[in-house]
Amino acid sequence: MAALNLSCCYYHHRFQSHSPPPTNVPILLSHRNNISISPKSPLTSFHHKRHHSNLLVLATTMATNVQEDLPPALDSTSEPPSVFDGTTRLYISYTCPYAQRVWITRNCKGLQEKIKLVPIDLKNRPDWYKEKVYPANKVPALEHNNEVKGESLDLIKYIDTNFEGPSLYPDDTIKQEFGEELLSYTNTFYKSVTTSLKGDGFNDAAAAFDYIEKALSKFDDGPFFLAQFSLVDIAYAPFIERFQPYLLDVKKYDIKVGRPKLAVWIEEMNKNDDFNQTRRDPKELVESYRKRYLSSS
């Protein structure tokens, strides 16, 4: 994961804008070669089952119904925050899918008031970030209890375990084990799809999306990877958000064709307002991938 996280240091500077993403614009990719944006959708809820003291706890996608006024990204001219003053801070980039994982987790736990977002401009990042905050000079990073931790998959587990809010991982042992398998596959998924983006063939990408379809078919008591919404969905969502419109627009390849479980999963994720608040304009995503892959081909 560490090697791939470097993409948030170097690749994502290709985005033209470091402004906050537009709010509440779920992507609807219902028709081949047609990308559209829906107007603000009403808040919808997901059901996350967790057995505790024989009670079924239901959580919603919008744990606190918070609509944030997102801050601008800090650059080399910005003053540093008061590091280690007791404030819990999540350092992200609005353009980084790895950071987006942790941002989504924060939102789904309802921690908007407890974990402060500190967006960093990766194209013009401040020196103090490496010197005073995180020597690895990458995002995401979490400042908590006078320590700074990194690596996106570690952080989503850490936030789910160490902060209040609805649990984002099942108690069921079989689902837990399958969840770990799927989290371990994320790097392979990313590499397989990007290999296809760099060339003319789709074998690697098709196999990766077939794996996702099969994984989504394992449990029949819900539409998500572990049936109920979990950290696994959060881990994959930022990458599928990017791959889907690019493949459709540039390669004319619809990842949903022949994959009904994946199609339903995308539809359900489009209803998740905590996720939607972190998303980029799909046109911006496509343009970024065009610059990355077409210019190097």
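Conventions adopted
- Residues numbered from 1 in each chain as written.
- Predicted model: local features only at pLDDT ≥ 70, side-chain atom pairs only at ≥ 80, totals over all residues.
- Heavy atoms only, no water.
- Helix = DSSP H or I, 4+ residues; strand = E, 2+ residues; numbered from the N terminus.
- Expected span 1.5 Å × (residues − 1).
- Buried < 20%, exposed > 50% of the residue type's maximum accessible area, 1.4 Å probe, protein only.
- Core = buried A, V, L, I, M, F, W, Y, C linked by side-chain atoms within 4.5 Å.
- Contact = heavy atoms within 4.5 Å.
- Arc of directions from axis to C-beta.
- Pairing = 2+ DSSP bridges.
- Axes fitted to C-alpha atoms, helices over the stretch in contact; angles between N-to-C directions.
- Parallel < 35°, antiparallel > 145°, perpendicular 65-115°, else oblique.
- Left-handed = near helix turned anticlockwise from the far one by under 90°.
- Nonpolar A, V, L, I, M, F, W, Y, C, P; charged D, E, K, R; others polar.
- Right-handed = clockwise from strand over helix to strand, strands pointing away.
- Salt bridge = Lys/Arg side-chain N within 4 Å of Asp/Glu carboxyl O.

A. Structural context of helix H3 (residues 97–108). When the terminal C-alpha atoms of H3 are compared, their 16 Å separation across twelve residues agrees well with the 16 Å that a helix rising 1.5 Å per residue should span. The element H3 is extensively covered by neighbouring structure, given that twelve of its twelve residues are classed as buried. Listed as buried for H3 are Pro97, Tyr98, Ala99, Gln100, Arg101, Val102, Trp103, Ile104, Thr105, Arg106, Asn107 and Cys108.

B. How the structure looks around the nonpolar core. Among the nonpolar cores identified, the biggest contains 74 residues, and Tyr129, Phe189, Phe225, Tyr236, Phe243, Leu262 and Trp265 are the most heavily contacted of them. Looking at which element gives the most residues to this core, the answer is helix H8 (residues 231–249), with eleven residues. Not counting residues within four places of it along the chain, the set of residues in contact with Phe225 comprises Phe178, Leu182, Ile212, Ala215, Leu216, Phe219, Val232, Asp233, Tyr236 and Trp265.

C. Local environment of helix H9 (residues 260–269). What H9 keeps buried is the set Leu262, Trp265, Ile266 and Met269. On an axial view of H9, the arc spanned by its buried residues comes to 100°, and they lie on one face.

D. View of the sheet that holds strand E7 (residues 141–144). Strands sit in the order E6-E5-E7-E8 across an open sheet of four strands; the sheet is mixed. The open sheet is flanked by strand E6 (116–119) and strand E8 (147–150), the only strands paired with a single partner. Mean inter-strand twist for the sheet, computed between neighbouring axes without regard to direction, equals 20°. Pairing of strand E5 (residues 89–92) with E6 involves four bridges; the strand directions are parallel. Of the residues in E6, the one forming a bridge with Ile92 is Pro119.

E. View of the environment of Val193. Checked against the element boundaries, Val193 lands in helix H6 (residues 173–198). Overall, Val193 belongs to the buried group, its relative accessible area being 0%. Taking the C-alpha atoms as reference points, Val193 and Asp204, eleven residues apart in sequence, are found 6.2 Å from one another. Setting aside its immediate chain neighbours within four residues, Val193 contacts Ala205, Ala208, Phe209 and Phe243.

F. Spotlight on unusual backbone geometry. That bond from Val139 to Pro140 is cis: its omega, 5°, falls within 30 degrees of zero. By secondary structure assignment, the location of Pro140 is in the loop between helix H4 (127–133) and E7. Here the phi dihedral of Asn137 falls at roughly 60°; this positive angle occurs in a residue that is not glycine. Take Asn137: it is sitting in the loop between H4 and E7. Overall, Asn137 belongs to the buried group, its relative accessible area being 17%. Backbone geometry places Asn145, a non-glycine residue, at a positive phi of 55°. Relative to the helices and strands, Asn145 resides in the loop between E7 and E8.

G. Molecular detail of the packing of H3 against H8. Direction vectors running N to C along H3 and H8 enclose 135°, while the axes themselves pass 9 Å from each other. Here H3 lies oblique to H8, going by the angle between them. As H3 packs across H8, the resulting crossing turns out to be right-handed. From H3, Pro97, Tyr98, Gln100, Arg101, Ile104, Thr105 and Cys108 reach across to H8, where they touch Leu231, Ile234, Ala235, Pro238, Phe239, Glu241 and Arg242. Residue composition of the contact of H3 with H8, by class: nine nonpolar, two polar and three charged.

H. Fine view of the pairing of E5. The alternating pattern of E5 places Arg89 and Tyr91 on one face and Leu90 and Ile92 on the opposite face, and all of these are buried. Following the backbone out of E5, through H3 and into the adjacent parallel E6, one traces a crossover that is right-handed. Examined bridge by bridge, E5 and E7 share three bridges and lie antiparallel to one another. The residue of E7 that forms the bridge with Leu90 is Leu142.

I. Summary view of the pattern of salt bridges. Considering all chains together, one arrives at 14 salt bridges under this definition. The residue Arg259 makes a salt bridge to Asp210 at a minimum N-O spacing of 3.0 Å. One end of the pair, Arg259, is in the loop between H8 and H9; the other, Asp210, is in helix H7 (residues 203–216), and 49 residues separate them in sequence. Via salt bridges that share partners, Asp85, Arg89 and Glu143 belong to a single interconnected network.

J. Up close: the packing of H7 against H9. Two numbers describe how H7 lies on H9: the axes approach to 8 Å, and their chain directions differ by 80°. By the angle between their axes, H7 is roughly perpendicular relative to H9. Where H7 abuts H9, its residues Phe209, Ile212, Glu213 and Leu216 lie against Pro260, Lys261, Leu262 and Trp265. When grouped by side-chain class, the residues that make up the contact of H7 with H9 number six nonpolar, no polar and two charged.

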